[in-house]
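Structural characterization, general
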Amino acid sequence: MPNSPQNLEPIYITPAELEAFRLLDQEGLSQEEAGQKMGVSRGTIWRLLQSARKKIAQAICEGRPLKISVDCGLKDLSSQNKTS
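Residues numbered from 1 in each chain as written. Predicted model: local features only at pLDDT ≥ 70, side-chain atom pairs only at ≥ 80, totals over all residues. Heavy atoms only, no water.

1. Thoughts on the pattern of salt bridges
Heads up, the condition is: A side-chain nitrogen of Lys or Arg and a carboxyl oxygen of Asp or Glu constitute a salt bridge if their distance falls within 4 Å. A run of DSSP states H or I qualifies as a helix once it reaches four residues; a run of E qualifies as a strand once it reaches two. Both are numbered from the N-terminal end. Using a 1.4 Å probe on the protein chains alone, a residue whose accessible area is under 20% of its type maximum counts as buried, one over 50% counts as exposed, and one in between counts as partly exposed.
Throughout the structure, instances matching the rule amount to 5 salt bridges. The closest approach of N and O atoms between Arg-22 and Glu-19, which form a salt bridge, is 2.9 Å. In this pair, Arg-22 and Glu-19 both sit in helix α1 (residues 15–26), 3 residues apart, roughly one turn of the helix. Take Glu-19: its relative accessible area is 27%, and that puts it in the partly exposed class. In this structure, Glu-27 and Arg-22 form a salt bridge, with 3.1 Å as the shortest nitrogen-oxygen distance. Using a relative accessible area of 46% as the deciding quantity, one classes Glu-27 as partly exposed.

The structure is reproduced here in C-alpha cells:
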C-alpha cells in the first residue's frame, strides 16, 4: 500500500527547532526569553519557530511521521505517549 503510514517519508525536525517551539508554544515564553534560554538571538528563535511550525503542520496534515534528528540517531515521536 503506497499510502500506508509505514511507507510515508518522515519529516525531520531539529532539536533546536523543537526547543524553540516548546519554549514559545508550550511554555508561553516570549521570543526574547526563549532566545536568552537557548543562547541565540530573537531572529534565530523566529526562524527556528517558523520552520518547526511548518514541519509539524505538514506532518499532521499529511499523516507523516515526525522525527527528531539527533547526532547519534533519530528519535521517533510516533512511539511517544499519545495523549491528544
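Now that the structure has been shown, the text picks up again.
2. Describing helix α3 (residues 42–62)
Condition: Expected helix span is taken as 1.5 Å per residue step, with the number of steps being one fewer than the number of residues. When we speak of the arc, we mean the arc of directions from the helix axis to the C-beta atoms. Between two residues, a contact is recorded if the distance between any of their heavy atoms is within 4.5 Å.
In this model α3 runs 30 Å from its N-terminal to its C-terminal C-alpha over 21 residues, within 8% of the 30 Å that 1.5 Å per residue would give. For α3, every residue scored as buried is listed here: Ile-45, Leu-48, Leu-49, Ala-52, Ile-56 and Ala-59. Along α3, the residues classed as buried sweep out an arc of 100° about the axis, all on the same side. Across α3 from its buried face, at more than 90 degrees, point the exposed residues Arg-47, Lys-54 and Cys-61. The inward-facing, buried residues of α3 abut β1 (11–13), α1, α2 (31–38) and β2 (66–70). Within two residues after α3, Gly-63 carries a phi angle of roughly 65°, on the positive side.

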